[in-house]
Amino acid sequence: MSAIDWATALPVVFLALMGVAMLAYVVLDGYDLGVGLLLHRATPEQRDTMIASIGPFWDANETWLVLGVGILLIAFPKAHGMVLTALYLPVTLMLVGLVLRGVAFDFRVKAQDQWKPLWNFAFWAGSGIAATSQGWMLGRYITGFAPGDLALAFAAVIALLLPAAYVLLGACWLVMKTEGDLQVLAVRWAKWAWPPVVLGMALVSLATPVVSETVRNRWFSMPEFIALLPIPLATLAALVVARAMLNSKLVRAHLCWVPFVAVVTVFLFGAIGLAYSLFPYVVMDRLTVWQAASATSSLAVIAIGCAVTVPAIVGYTIFSYRVFAGKVRELQYA
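In this text, all values refer to a predicted model and were calculated from it rather than measured experimentally.

Definitions and limits used
- Residues numbered from 1 in each chain as written.
- Predicted model: local features only at pLDDT ≥ 70, side-chain atom pairs only at ≥ 80, totals over all residues.
- Heavy atoms only, no water.
- Helix = DSSP H or I, 4+ residues; strand = E, 2+ residues; numbered from the N terminus.
- Rg over C-alpha atoms; globule rule 2.2 N^0.38 Å.
- Buried < 20%, exposed > 50% of the residue type's maximum accessible area, 1.4 Å probe, protein only.
- Contact = heavy atoms within 4.5 Å.
- Lys, Arg positive; Asp, Glu negative; His and termini not counted.
- Charge placed at Lys NZ, Arg CZ, Asp CG, Glu CD.
- Salt bridge = Lys/Arg side-chain N within 4 Å of Asp/Glu carboxyl O.
- Polar contact = N/O pair within 3.5 Å; in protein donor to acceptor, adjacent residues only side chain to side chain.
- Phe/Tyr/Trp six-rings, centres within 6.5 Å; stacked < 30°, edge-to-face > 60°.
- Axes fitted to C-alpha atoms, helices over the stretch in contact; angles between N-to-C directions.
- Parallel < 35°, antiparallel > 145°, perpendicular 65-115°, else oblique.
- Nonpolar A, V, L, I, M, F, W, Y, C, P; charged D, E, K, R; others polar.
- Core = buried A, V, L, I, M, F, W, Y, C linked by side-chain atoms within 4.5 Å.

Draft legend 1. Molecular detail of the overall build of the protein chain. When its secondary structure is counted, the protein chain shows 15 helices and two strands. The C-alpha radius of gyration of the protein chain comes to 20 Å, within 12% of the 20 Å expected for a compact globule of 334 residues. If you line up the protein chain on its principal axes, its C-alpha atoms span 60 × 45 × 40 Å. Looking at the protein chain as a whole, 47% of its 334 residues qualify as buried. A separation of at least 24 residues holds for 78% of the contacts in the protein chain among residues at least 6 apart in sequence. Taken together, the 20 basic and 16 acidic charged side chains of the protein chain have centroids lying 6 Å from each other.

Draft legend 2. Summary view of the pattern of salt bridges. This model, assessed by the stated rule, comprises three salt bridges. In the salt-bridge network here, residues are joined through shared partners; they are Asp48, Arg108 and Lys116.

Draft legend 3. How the structure looks around the side chain of Thr178. Tracing the backbone through its elements, the reader meets Thr178 in the loop between helix H8 (149-177) and helix H9 (180-211). By relative accessible area, which is 1% here, Thr178 ends up buried. Side-chain polar atoms of Thr178 contact the backbone oxygen of Leu174, separated by 2.4 Å. Discounting residues that sit within four places of it in the chain, Thr178 has contacts with Thr49, Gln183, Lys327 and Val328.

Draft legend 4. Spotlight on the packing of aromatic side chains. Summed over all chains, the structure comprises 12 aromatic pairs. Ring centres 6.4 Å apart and planes at 85° place the aromatic pair Trp173 and Tyr321 in the edge-to-face group. Of this pair, Trp173 sits in helix H8 while Tyr321 sits in helix H15 (residues 296-323); the two residues are 148 residues apart in sequence, bridging distant segments of the chain. The structure contains a cluster of three or more aromatic residues connected by ring pairs, namely Tyr31, Phe57, Trp173, Phe260, Tyr321 and Phe324.

Draft legend 5. Broad picture of the environment of Val187. Turning to its location among the elements, Val187 is positioned in helix H9. Its relative accessible area of 8% is what places Val187 among the buried residues. Setting aside residues no more than four positions away along its own chain, Val187 makes contact with Val175, Leu246 and Val251.

Draft legend 6. How the structure looks around the side chain of Arg108. Relative to the assigned elements, Arg108 resides in helix H6 (residues 88-110). When its relative accessible area of 2% is taken as the criterion, Arg108 is described as buried. A distance of 2.9 Å separates the side chain of Arg108 from the side chain of Asp48, its partner in a polar contact. For Arg108, the side chain forms a polar contact with the side chain of Asn120, separated by 2.7 Å. Each residue touching Arg108, except ones within four places of it in the same chain, is listed here: Arg47, Asp48, Ile51, Lys116, Trp119 and Asn120.

Draft legend 7. Structural context of unusual backbone geometry. Omega for the bond connecting Phe279 with Pro280 falls within 30 degrees of zero, at 10°, which places this linkage in the cis form. Of note, Pro280 is situated in the loop between helix H13 (258-278) and strand S1 (281-283). For Phe145, which is not a glycine, the phi torsion comes out positive at approximately 60°. Overall, the relative accessible area of 9% leaves Phe145 in the buried class.

Draft legend 8. Expanded view of the packing of helix H2 (residues 44-54) against H8. Interaxial distance between H2 and H8 falls to 11 Å at its minimum, and their mutual angle equals 95°. With respect to their mutual orientation, H2 and H8 come out roughly perpendicular. For the pair H2 and H8, the contacting residues are Met50, Ser53 and Ile54 in the first and Trp173, Leu174 and Lys177 in the second. For the contact of H2 with H8, a count of residues per class yields four nonpolar, one polar and one charged.

Draft legend 9. Up close: the packing of helix H4 (residues 63-75) against helix H5 (residues 77-86). In the contact formed by H4 and H5, the axes pass within 5 Å of each other and the chain directions differ by 120°. It follows that H4 is oblique to H5 by the angle criterion. Residue-level contacts link Val69, Leu72, Leu73, Ile74 and Ala75 of H4 to Pro77, Ala79 and His80 of H5. Of the residues in the contact of H4 with H5, the class split is seven nonpolar, one polar and no charged.

Draft legend 10. Representation of the nonpolar core within the structure. Formed by 95 residues in total, the largest nonpolar core has its most connected members in Phe14, Met50, Phe76, Trp173, Trp189 and Val282. In terms of residue count, helix H1 (residues 3-38) provides more of this core than any other element does, 14 residues in total. Those residues in contact with Phe76 that lie beyond four places of it in its chain are Pro11, Phe14, Leu15, Met18, Ile71, Val282, Val289, Ala292, Ala293 and Ser294. Ile142, Phe154, Ile158 and Leu161 belong to the second largest nonpolar core, which has five residues in total.

What follows is the structure, given as structure tokens:
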């Protein structure tokens, strides 16, 4: 491949890799954020089981966030500066929430009984702060950080929708990983979260073309509209499958994994739709992938590093989920 071809292709490859890393983070850390948001609704014994269900995974799940932000920093430094400048406060709040979760996760196990409710609250609050901050950041990013009340209102809606989606994902995770009364309760939580998520996604789907002319032109012109119709239809089908399984007795048996996979599918098609809406921009309507990219020689060196680290992260993730597959057991510390 010629140098001109590499200069064209490498930025796109890194954009795709960054997108996959952020999707993996949203799904994997999303369910444990959802479990954290549900913690206050459970009994003390159920809370221990809920924490145990995410114990082997939650810290490693955040590795994907580090990978995604790291690619943004080294592969697209211009975009990194623009994004972090616009989102300085919500990024700070997100990090505060994630740190609070990490501290609470470890301290709640060793804390005396009178202090355990405090650390449970800290874990719940950290999950809420992180999830809401991520929703606000996503809403502002989709609009290209546009000024005005409409763009801010759109970001506020996303800031509420994303935690609701995390709750649905977390409840479905508990349906898959737990048994008995907690599983029954998790099914109920998932049913409660399902209508707000569906309504929110419908409102966002209608509002996004209003706040972004670029999205409106891409999705509502012919023949693109017909070609893209399978994306919303598949998303709707996945939501219907999740709800149907939650209403079925089979969800407490060998099909307990279906609602979780269906909700993950919703996130996947949402990411595909977002990627189509944004490309070739790294920042909507302001900075394309080629304008934001580092020098081709720098990207080549970064590619070597990614060729080592990304398979290692993927391999470790697959290994850990295989080792800790099945129903949750009591979380123990040495």
